[in-house]
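Observations on the model geometry
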Amino acid sequence: MGIFFRKIKKKHVEAFEKSVIELIKEEFPNVELLSKYSNLLGGSLCHEPLSLCLMHSFDSEYWEKNRNKHKTHFRLTGIELAQKPSGHFVEIPLVFSFDTLQYIVVDEPMYFHRNFDLNRIRVNNLRIEELPPLKEEDNEVHKILDISRGKYGDKLELDYSFEIELNGYPYYTIIDLEDGNYVATDKNGVIYRLIHDHEEPVKKISDNIDEFI
């Protein structure tokens, strides 16, 4: 799904993620803990911020029992990579949600593995910025669907929505079907099924949210 397997490879991001977790595990033990129960499924190009957006699956039994331990949402700075070919170290901002790496904020995300030496990584003055939950008026998917936070609250997962770009078009998740699969909306409020690693990854399933529900 997304840009994996076309330019940057899954193995490159997995190696980077593993190195980051090793460097920060003392400061963020729950990040290391959850990594033992998660798998990287795919990635997509995101524009706000310009970044590589990662998608993970979690061990369902562990997640149901322990999800309340993993409610973090923060921006981490201080992780640096050596830039090619100069060798100069550049800071790579990262965003974690639910103790999982979600965004690698970098120019030209699809060439991340070519522009940096992923084996030369270091910590330089690690800093954390707690990110507040999205306000309803700032949540893109609420604007698109034109619904209040309470409406369909027991059926949709709008507060945890994020953007996935496929074939040049952005989609916004509204239900996590697990294993990297989602129900999502486009900017016109049309509802789609997004299936990871499928011959038809995007399929329209409804004209609008009311019809879908």
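What this report covers is the structure whose coordinates are included nearby. Small disclaimer: the values here were computed from a predicted structure and weren't measured.

Rules used throughout
- Residues numbered from 1 in each chain as written.
- Predicted model: local features only at pLDDT ≥ 70, side-chain atom pairs only at ≥ 80, totals over all residues.
- Heavy atoms only, no water.
- Helix = DSSP H or I, 4+ residues; strand = E, 2+ residues; numbered from the N terminus.
- Buried < 20%, exposed > 50% of the residue type's maximum accessible area, 1.4 Å probe, protein only.
- Contact = heavy atoms within 4.5 Å.
- Areas by Shrake-Rupley, 256 points an atom, 1.4 Å probe, with all protein chains shown as cover.
- Salt bridge = Lys/Arg side-chain N within 4 Å of Asp/Glu carboxyl O.
- Phe/Tyr/Trp six-rings, centres within 6.5 Å; stacked < 30°, edge-to-face > 60°.
- Lys NZ or Arg CZ within 6 Å of the ring centre and 35° of its normal.
- Pairing = 2+ DSSP bridges.
- Patch = residues over 30% accessible without salt bridge, like charges linked within 9 Å, V, L, I, M, F, W, Y side chains within 5 Å.
- Lys, Arg positive; Asp, Glu negative; His and termini not counted.
- Charge placed at Lys NZ, Arg CZ, Asp CG, Glu CD.
- Core = buried A, V, L, I, M, F, W, Y, C linked by side-chain atoms within 4.5 Å.

Of the regular secondary structure elements, the chain holds 6 helices and 12 strands. Each of the 213 residues in the chain was classed as buried or not, and the buried ones make up 47%. The contacts in the chain between residues at least 6 apart in sequence include a share of 53% that link residues at least 24 apart. Looking at the chain as shown, the accessible area adds up to about 11600 Å², and 45% of this sits on carbon and sulfur atoms.

Turning next to the pattern of salt bridges. Enumeration according to the criterion identifies 5 salt bridges in this entry. Two residues, E22 and K25, come together in a salt bridge whose shortest N-O distance is 2.9 Å. By relative accessible area, E22 is classed as partly exposed at 48%.

Along the chain, the position of L52 falls in strand β2 (residues 50-58). Considering only alpha carbons, one finds L52 and V13, 39 residues apart in sequence, at a separation of 9.5 Å.

Let us look at the packing of aromatic side chains. Per the stated rule, a full pass over the model turns up 6 aromatic pairs. With 4.0 Å between their ring centres and 5° between their planes, Y37 and Y62 make a pair best called stacked. Taken together, the residues Y37 in the loop between α2 (29-35) and β1 (38-47) and Y62 in helix α3 (residues 60-66) connect sequence positions 25 residues apart. Overall, the relative accessible area of 32% leaves Y37 in the partly exposed class. Y62 gets classed as buried once you look at its relative accessible area, which sits at 10%. Ring geometry for Y171 versus Y192: centroids 5.2 Å apart, planes at 75°, classification edge-to-face. On the criterion of sequence distance, the pair formed by Y171 in strand β9 (residues 169-178) and Y192 in strand β11 (residues 191-194) is long-range, its members being 21 residues apart. Considered together, Y171 and Y192 belong to a single accessibility category, that of buried residues. Above the ring of F89, the side-chain terminus of R122 is found at 3.9 Å from the ring centroid.

Where burial is concerned, most of strand β3 (residues 73-83) is hidden: 8 out of the 11 residues are buried. Across 4 bridges, the pairing between β3 and strand β5 (residues 94-97) is antiparallel. Within the sheet, the bridge partner assigned to F74 lies in β5 and is F96. Bridge count for β3 against strand β7 (residues 116-130) is 9 bridges, and the pairing is antiparallel. The residue bridging R75 from the neighbouring strand is E129, located in β7. Pairing between β3 and strand β4 (residues 89-91): 3 bridges, direction antiparallel. Across the sheet, A82 pairs through a bridge with F89, a residue of β4. The hairpin turn running from β3 into β4, its antiparallel successor, is 5 residues long, and G87 in that turn takes a positive phi close to 85°.

Let's shift gears to a negative patch on the surface. Together, E157, D176, E178 and D179 make up a negatively charged patch on the protein surface. Its place among the elements puts D179 in the loop between β9 and β10 (181-185).

Within the largest apolar cluster, 25 residues are counted, with the highest numbers of intra-cluster contacts made by F16, L94, F96, I104 and F112. Among the elements that make up this core, the one with the highest residue count is helix α1 (residues 10-24) (5 residues). Filtering out sequence-adjacent residues up to four positions away, F112 remains in contact with I8, F16, L81, I104, V106 and L118. By size, the runner-up hydrophobic cluster in this structure holds 16 residues, among which are C46, V105, I164 and L166.

So, on to unusual backbone geometry. In this chain, K84 is followed by P85 through a cis amide linkage whose omega measures -5°. Inspection of the secondary structure assignment puts P85 in the loop between β3 and β4. Here the phi dihedral of E108 falls at roughly 50°; this positive angle occurs in a residue that is not glycine. Within the element layout of this structure, E108 appears in the loop between β6 (100-105) and α4 (112-115).

Everything listed is a geometric property; what it means functionally is a separate question.
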